[in-house]
Amino acid sequence: MILPPEPVSPQDVAEHYDSLDLFYRDAWGEELHHGYWETGDESSAAAIEQLRETVLALAEIEPGNAVCDVGCGYGTAALYLAESRQAQVTGVTLSEVQCAEAERKAARSGSGALKPRFLCCDWLENPFEDASFEVVISIECLSHVSDKADFFAEAKRVLKRGGRLSLTAWTVRETTPKWANRWLLAPICHEGRFAGLVSSGELESLVTASGLTVERIETIGPQVKKTWRVIFRRLVKLVLTKKEYRRFLRQNLRSDRFFAFTVIRVLIAYETGMLDYAILKARRW
Ligand SMILES: C[S@@+](CC[C@H](N)C(=O)[O-])C[C@H]1O[C@@H](n2cnc3c(N)ncnc32)[C@H](O)[C@@H]1O
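Before going into details, it helps to say that this report is about the structure given with it. Note that the structure is predicted; figures quoted are calculated from it, not measured.

## A few points about helix 4 (residues 76-85)
Within the span of helix 4, buried status applies to Thr76, Ala77, Ala78, Leu79, Leu81 and Ala82. On its buried face, helix 4 sits against helix 3 (44-59), strand 1 (66-70), strand 2 (88-93), helix 5 (96-107) and strand 4 (133-139). Phi turns positive, to about 50 degrees, at Gln86, one or two residues after helix 4.

## Some points on unusual backbone geometry
Peptide bonds are, in most cases, trans, and in most cases residues other than glycine have a negative phi. Located in the positive-phi region is Glu60, a residue other than glycine, with phi close to 50 degrees. Here Glu60 is to be found in the loop between helix 3 and strand 1. For Glu60, a count of 14 C-beta atoms within 10 Å translates into the label partly exposed. In this structure, Arg193 takes a positive phi of about 55 degrees despite not being glycine. Locating Arg193 in the fold gives a position in the loop between helix 7 (178-191) and helix 8 (200-209). Judged by C-beta crowding, with 23 C-beta atoms within 10 Å, Arg193 ranks as buried.

## A few points about the pairing of strand 2
With six of six residues buried, strand 2 is to be regarded as a mostly interior element. Along strand 2, one buried face is formed by Gln88, Thr90 and Val92 and the opposite face, lined by Val89, Gly91 and Thr93, is buried too. Of the strand pairs in this sheet, strand 1 and strand 2 are connected by five bridges, and their pairing is parallel. Residue Asp69 lies in a different strand from strand 2, and its bridge partner there is Gly91. Read from strand 1 through helix 4 to strand 2, the crossover connection turns out right-handed. Of the pairings in the sheet, the one linking strand 2 to strand 3 (residues 117-120) comprises four bridges and is parallel in character. The residue of strand 3 that forms the bridge with Thr90 is Arg117.

## Let's talk about the nonpolar core
Counting residues in each nonpolar core, the largest one holds 76 residues, and the members touching the most others are Val67, Leu81, Val136 and Leu185. For this core, the leading source of residues is helix 3, giving seven residues.

## Some words on the site of the ligand
Near the ligand you find 23 residues, and of these His33, Gly71, Gly73, Trp123 and His144 are the closest. For the shell around the ligand, the elements supplying multiple residues, two or more each, are helix 1 (10-19) and strand 2. The element that contributes the greatest number of residues to the shell around the ligand is helix 1, accounting for three residues. Looking at the shell around the ligand residue by residue, the classes come out as twelve nonpolar, eight polar and three charged.

Rules behind the numbers
- For every chain, the first residue of its written sequence is number 1, and the numbers climb from 1 along that sequence.
- Only residues with pLDDT of at least 70 get local features here, since the model is predicted, and only at 80 or more are side-chain atom pairs given and counted; chain-wide, interface and lining totals rely on the full set of residues.
- Buried residues are those with 20 or more other C-beta atoms within 10 Å of their own C-beta, exposed residues have 12 or fewer, and partly exposed residues lie in between; C-beta atoms are placed from the backbone.
- The numbering of helices and of strands both runs from the N terminus, where a helix is a DSSP run of H or I of at least 4 residues and a strand a run of E of at least 2.
- Whether two residues are in contact is decided by their C-beta atoms, placed from the backbone, lying within 7 Å.
- A pair of strands is treated as paired once DSSP finds two or more bridges between them.
- Throughout, right-handed denotes a crossover for which the path from the first strand over the helix to the second runs clockwise when the strands point away from the viewer.
- For this entry, the nonpolar core is defined as buried Ala, Val, Leu, Ile, Met, Phe, Trp, Tyr and Cys residues connected by C-beta atoms within 7 Å.
- We call a residue near a molecule or strand when the C-beta position, derived from backbone atoms, sits within 6 Å of it.
- Polarity classes work like this: nonpolar for Ala, Val, Leu, Ile, Met, Phe, Trp, Tyr, Cys and Pro, charged for Asp, Glu, Lys and Arg, and polar for all others, with Gly in that last group.

Dropping the structure here:
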């Protein structure tokens, strides 16, 4: 596992998303995850949708299913699920800003039982009863969590028998050279507030050790890496056209996290095969 130079706490993650709210919404939009370019010709909006749809298809969600979205961001997938699959969705995020925005959107959407609900809490300290969900989905949350064994233990605990976990996560190559750890992966962990990045092999072992059965695991780094070229172009445009972004960049360069450089590091890490991206389906029997 690749670790940041200093441990990352849930408070660090919450602060990261709260303080970069403007940046994330302008650069990514309301869904903070990679796009999935299956053919390579899709628009970025279509690629974002395709990644979400892939996760949801793996989860085999049926109308009325109780679904938990761990690390729900602005609640976009939860709201989409409630509408498109008539599921009862609960989203969990560490960020108060994200949670408030998700609740605002939920208040304007759906009705009754189909309105998703959102909680601002740490997944490792969630209030859910045992066996309360048919499905747990989680898109790009795992890297932020330090106790990954506990992450999966909680998923297993809250799932009913036969319940599905469908998840995506940033991953790293099975073995990485020292230069990549030093110049790319450890700084990416620090700047992106990742508590640790696992390889897909480590991911599979963690899930299996929790007692869940892995039914599918696939790495799709080459199909998602285009995301970072898109983000890089958007950022350059924002810096050139908006004063507040030039201020943001100046402040950022003075801070300890150089978040502006992360995009370049991530681009290089994907191109050199140091970073990858996993999609996984597991079941509680
Ligand atoms: C990259 S964002 C992805 C958001 C959302 N899944 C999406 O695709 O738009 C990571 C999310 O994980 C959440 N997160 C990270 N660690 C968490 C934890 N321990 N408990 C709950 N949420 C967490 C963050 O608050 C954030 O919403």
